[in-house]
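These are the residues of each chain, in order.
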Amino acid sequence: MLEHAWLIPALPAVAFFVILFFGKRLPKKGAEVGIIAMTISFVLSIVAAVDWIDRVNAADTGEHGLGAFFGKGFMAAAEGEHAVVAPVVKSVTWWTSGGVDFGVGTYVDGLTVMMLIVVTLVSLLVYIYSTAYMHDDRRYTWFFASLSLFSASMLTLVVASNTIEMLVGWELVGLCSFMLIGFWWEDRENSRAAIKAFLTTRTGDIGLMIGIIILFFTVGSFGVGATNSYALSPGAQHDLLLAASICLMIGIIGKSGQFPLHTWLPDAMAGPTPVSALIHAATMVVAGVYLGARLYPVFYDGFSIEAGGVNMMALIGGITILIGAVLAFVQRDIKKVLAYSTISQIGYMVMGLGVGAWVAAVFHLFTHAFFKALLFLGAGSVSHGGTHHSFDMREMGGLRKYMPITFWTFLIGSLALAGIFPLAGFWSKDEILVNAGSNGFDTFLIVGLIGAFLTAAYMTRCVYLTFFGEYRGHAQPHESEPAITIPLIVLAGLSIIAGIINAAPLGLEKFTEYVEPTFAFPDLVHAEFDYPKAILSVSIAAVAIGIAAFYWFRHEETGPLKGLTQRNKLAHAGYTFLENKYYLDHLYENVIVDGIRGPVSAAAYWVNQHVIDGVVNGAGRTATRVGSFAYDTIDQRVVDGAVNGMAYETGEAGEELRKVQSGKVQRYALWLFAATGVLALAVFITNVL
Amino acid sequence: MWEQQLAFWILAVAMGAAALGVVRTTNIVHAALYLVVVLAGAAAQYILLAAEFVAWVQVLIYIGAVVILFLFGIMLTRAPMGGEGRRLDNDQRWGAVVVALFVFGVLVAMLVDAFGGEEIRFGSELVAQGRTGNVGSDLFREFLVPFEVVSMLLLAALIGAVVLARRD
Amino acid sequence: MDINQFLILSAFLFCVGIYGVLARRNGVLVLMSIELMLNAVSINLIAFSAFGREVAGQVFALFVITIAAAEVGVGLAIVLLIYRNLSSPDLDEVDQLKG
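Cut-offs and rules
- Residues numbered from 1 in each chain as written.
- Chains lettered and ligands numbered in written order.
- Predicted model: local features only at pLDDT ≥ 70, side-chain atom pairs only at ≥ 80, totals over all residues.
- Heavy atoms only, no water.
- Salt bridge = Lys/Arg side-chain N within 4 Å of Asp/Glu carboxyl O.
- Helix = DSSP H or I, 4+ residues; strand = E, 2+ residues; numbered from the N terminus.
- Buried < 20%, exposed > 50% of the residue type's maximum accessible area, 1.4 Å probe, protein only.
- Core = buried A, V, L, I, M, F, W, Y, C linked by side-chain atoms within 4.5 Å.
- Contact = heavy atoms within 4.5 Å.
- Expected span 1.5 Å × (residues − 1).
- Axes fitted to C-alpha atoms, helices over the stretch in contact; angles between N-to-C directions.
- Parallel < 35°, antiparallel > 145°, perpendicular 65-115°, else oblique.
- Nonpolar A, V, L, I, M, F, W, Y, C, P; charged D, E, K, R; others polar.
- Pairing = 2+ DSSP bridges.
- Buried area = accessible area lost by both parts, 1.4 Å probe.
- Polar contact = N/O pair within 3.5 Å; in protein donor to acceptor, adjacent residues only side chain to side chain.

Asker: Looking at this structure, I do not really get the pattern of salt bridges. What am I missing?
Answerer: Side-chain pairs of opposite charge can arise where the charged atoms are in close proximity. Residues and elements named next belong to chain A. Scanning the model with the defined rule gives seven salt bridges over all chains in all. Note that Glu186 and Arg138 form a salt bridge whose closest N and O atoms lie 2.5 Å from each other. A residue pair is termed long-range when its members are at least 10 positions apart, and Glu186 in the loop between helix H6 (163-181) and helix H7 (188-219) and Arg138 in the loop between helix H4 (110-133) and helix H5 (140-159) qualify at 48 residues. With relative accessibility at 41%, the residue Glu186 sits in the partly exposed group. Arg138 sits in the exposed class, given a relative accessible area of 53%. Beyond isolated ion pairs, a larger network of salt bridges with shared partners links Arg138, Arg139 and Glu186.

Given below as structure tokens:
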């Protein structure tokens with residue numbers, strides 16, 4: 001399967017076209033096509049994973065042939081670990097231009113395989129969920145078509161063997177995100193949110209493209225393997241790699257919703273909930289993290305991660321953790337809470353990469369996908385069955401009585417997110433923190449812990465507001481149908497057990513073993529599982545939950561803190577600051593965009609009207625005049641004159657010549673004899689004289 | 001041979017004058033008669049050149065038959081028999097003069113250039129050549145086919161003339 | 001005798017005939033002029049026959065005479081027809097093929 005990994009993105013792509021053309025006529029309106037394709041892709045991903053595991057095992061048990069061939073000195077002997085297992089790369093040259101080969105193909109290693117499983121599994125669950133959630137939607141078929149296209153694009157991004165292909169997948173997922181956020185475009189807000197998402201990520205994409213270009217000229221190739229090998233080679237040009245890292249980082253900031261380009265993600269919640277779950281929680285937003293993970297040697301060398309200290313990646317990640325978490329507190333919309341939570345969690349992943357905790361960051365990506373998708377789908381279930389399609393938590397409350405499955409799964413997801421042992425989030429988040437500490441990034445360790453505290457707190461708030469207390473809404477709450485609840489249950493299960501895969505104390509380090517690349521990958525130090533830190537983080541989370549629960553459960557109606565923000569100016573200012581999302585949106589839209597729009601567009605308009613239109617109109621007038629001149633003078637007089645004149649002259653000549661034919665034979669005879677005489681004379685002269 | 005020269009020149013002058021008469025006279029019947037003179041003169045020239053058979057055939061056919069035909073033609077077409085003058089010439093007289101003179105000039109130039117000083121040598125074989133028997137034997141040996149063809153031609157002409165001139 | 005004497009005589013008769021063909025109005029007169037031309041040709045032939053000691057020349061002359069006779073017959077028939085149709089033997093009247 002490793003050789004044929006291209007099938008995995010290809011199937012949803014085909015499904016896209018099939019649904020597009022035939023979906024409306026199928027009994028399930030195209031959903032069956034999408035689900036079948038994704039199921040097959042998921043199965044193939046599992047097969048690929050098994051194949052990869054076999055491959056790693058085979059390499060471990062002594063086959064050093066390939067390793068010796070590819071190992072540029074990274075025969076990982078230091079930690080007594082495995083041999084170098086080369087990824088399976090398949091590539092065909094798409095076209096050649098100016099000596100540069102543009103290829104398209106697959107690069108399959110542990111990271112790829114893991115991403116394939118995540119993407120296909122979550123996609124599949126979302127598809128199944130959507131059959132119920134989007135059931136009566138006016139554009140049901142198109143929804144599934146877009147979802148299929150998205151899955152295909154994401155899978156392409158994941159298996160990409162060169163940066164151009166990755167860019168293609170990147171842009172395509174951006175496009176699908178745009179389409180799906182603005183799915184209900186009849187509502188103007190949704191279209192605006194979609195455009196905002198697209199433009200913000202586009203701004204980041206500028207950095208991405210420049211980064212790819214810099215890399216290409218530094219490395220001489222677009223290939224992932226070549227780039228990574230180059231970055232780790234002794235002759236690598238550090239400054240160029242630094243420049244490339246910064247540019248790529250800008251792309252990551254945009255796509256993964258990091259500070260300062262995170263503003264699009266909360267607005268993206270205008271899209272349907274399955275979309276939020278799939279794209280803006282589990283897959284697309286982590287594309288940036290994936291990029292960082294895939295091209296890690298570039299960042300490792302560029303940002304000098306080995307040397308410790310503050311670098312852009314860790315810094316941005318850290319900042320994002322905090323601002324996202326803080327903002328999650330002041331949201332009334334349940335999906336927006338989750339959106340800010342996503343921003344924050346991705347901050348963890350980025351920070352993890354920045355501190356050299358590659359395995360931890362990727363592992364967190366893995367677990368986060370499950371519980372965040374769970375949380376989103378749970379929110380969708382709440383709105384579907386509980387509040388008649390509203391996400392406002394003011395209209396919720398007490399739903400645990402009416403929607404038990406949703407409640408329990410949501411609770412499991414929240415606990416996983418908060419990092420409570422033994423759920424998945426604990427293992428992954430904790431590993432990031434541990435590595436941060438052990439690699440010398442103490443500041444970030446503290447940032448992470450604060451983030452964990454905040455995470456637990458806002459999730460408790462969210463859970464409380466939604467499921468506890470009295471029902472404040474206007475609908476008849478009831479549990480959602482199985483198509484919705486079964487994915488929830490599956491994801492809840494995964495949230496519980498997924499973390500075990502890399503549970504070091506239990507001797508299981510499957511992630512490290514199979515997912516961490518050995519080929520063209522820096523020798524990272526893996527921190528040991530640190531019991532003290534683990535207990536510390538769980539305690540912090542528990543304390544946060546406790547405080548929050550205490551506040552909300554007990555003191556919601558009364559108490560000194562109630563109404564604080566109304567009464568106290570400072571608190572109110574703080575609240576307003578948060579409510580306006582740090583005024584970042586204001587900065588972006590009003591200051592930057594309008595500032596450019598105003599004078600620049602006025603100038604552009606003037607240029608357009610006077611200069612450009614002037615030229616065009618002038619050209620038009622000149623052309624018209626030349627045309628009429630050509631017509632009147634040249635065509636009518638000269639050309640027609642010549643033509644008509646010729647005809648007229650021919651006629652006149654004919655009239656004259658006519659007279660020769662008088663009908664009188666003797667006249668003809670005269671000419672005959674005259675001509676004969678002349679001829680004879682000519683012959684005589686030429687021959688004789 | 002001064003006798004032949006003399007004969008020639010008398011004949012030549014007569015023929016020339018008569019020819020001019022054919023084309024210039026205003027009386028049609030006179031024209032026919034002038035034509036007779038020309039034809040007779042031609043016959044005499046043939047005898048001068050020892051072509052006696054041809055000479056007699058000329059007299060017989062031309063003067064004897066052709067001219068008679070002409071006279072009949074004149075009569076049947078009610079040609080103006082009195083002299084009504086220049087009505088016998090058409091508009092292009094002068095053009096015709098020019099052309100005729102021009103052609104004559106060209107011919108003379110060519111002939112003088114080609115046969116400048118050539119002479120006809122008279123001798124007994126010349127006379128023998130012109131004998132009827134000699135001509136006849138050539139006619140019926142070398143030129144048998146043309147002879148037959150010409151007879152066909154005469155037949156055709158005869159029938160044709162009859163057909164053409166029928167009144168119906 | 002110079003052959004040219006005969007030849008120039010024949011040329012002269014020929015050209016007079018040309019004049020007659022071109023300048024005469026009556027069809028019969030045209031035919032007569034044609035006779036003149038044919039005779040000129042015959043004289044030419046006989047002269048060359050004597051010059052070159054070839055009897056073929058005389059045979060040709062015989063043929064010319066024969067054909068001239070045939071031609072006069074047909075020609076006069078045509079002139080008759082013209083006269084009948086146009087009530088005049090004037091060749092100037094025959095211009096129906098005028099362009």
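Asker: What's the story with the nonpolar core in this structure? I'm lost.
Answerer: A general trend in soluble globular proteins is that nonpolar side chains are found buried together. One finds Met115 and Trp358 of chain A to be the most contacted residues of the largest nonpolar core, which totals 177 residues. Leave out the neighbours within four places in its chain, and Met115 of chain A touches Met154, Val158, Val286, Tyr290 and Leu365 of chain A.

Asker: Honestly, the environment of Pro532 of chain A in this entry has me stumped. Any pointers?
Answerer: Secondary-structure assignment places Pro532 of chain A in helix H22 (residues 531-555). Considering only alpha carbons, one finds Pro532 of chain A and Val434 of chain A, 98 residues apart in sequence, at a separation of 9.7 Å.

Asker: Looking at this structure, how should I read helix H9 (residues 238-255) of chain A?
Answerer: Because the α-helix completes a turn every 3.6 residues, residues three or four places apart line up on one side. With 18 residues, H9 of chain A should cover 26 Å at 1.5 Å per step; its first-to-last C-alpha distance of 25 Å lies within 8% of that length. Downstream of H9 of chain A by a residue or two, Gly257 of chain A has a phi angle that is positive, lying close to 65 degrees.

Asker: Looking at this structure, how should I read the packing of helix H17 (residues 404-418) of chain A against helix H19 (residues 442-467) of chain A?
Answerer: When two helices pack together, their arrangement is captured by the angle between the axes and the distance separating the axes. Residue and element names in this part refer to chain A. In the contact formed by H17 and H19, the axes pass within 9 Å of each other and the chain directions differ by 170 degrees. In terms of orientation, H17 and H19 fall into the roughly antiparallel class. Between H17 and H19, the residues in contact are Thr406, Phe407, Phe410, Leu411, Ser414, Leu417 and Ala418 and Thr455, Ala456, Met459, Cys462, Val463 and Phe467, respectively. Of the residues belonging to the contact of H17 with H19, the class tally is 10 nonpolar, three polar and no charged.

Asker: Can you walk me through the pairing of strand E2 (residues 100-108) of chain A in this structure?
Answerer: Side-chain direction in a regular strand flips from residue to residue, so the side chains alternate between the two faces of the sheet. All names here are of chain A. Across the nine residues that make up E2, a large majority, seven, are buried. The sheet contact formed by strand E1 (residues 88-97) and E2 spans nine bridges and is antiparallel. Across the sheet, the residue bridging to Val88 is Val108, located in E2.

Asker: For this particular structure, what's the right way to read the interface of chain B and chain C?
Answerer: By a widely used convention, the size of an interface equals the accessible area lost when the partners come together. Between chain B and chain C, the contact holds 87 residues from the first and 69 residues from the second. Contact between chain B and chain C buries roughly 7,200 Å² in total, counting both sides, with carbon and sulfur atoms accounting for 74%. Run the count over chain B and chain C and you get zero salt bridges. On inspection of chain B and its partner chain C, the count reaches 14 residue pairs in polar contact (both at pLDDT 80 or more). Broken down by secondary-structure element, the contributors of at least two residues to the side of chain B that touches chain C are helix H1 (2-24), helix H2 (28-48), helix H3 (52-76), helix H4 (93-114), helix H5 (124-129), helix H6 (132-141) and helix H7 (144-165) of chain B. Its residues placed into classes, the side of chain B that touches chain C shows 59 nonpolar, 16 polar and 12 charged.

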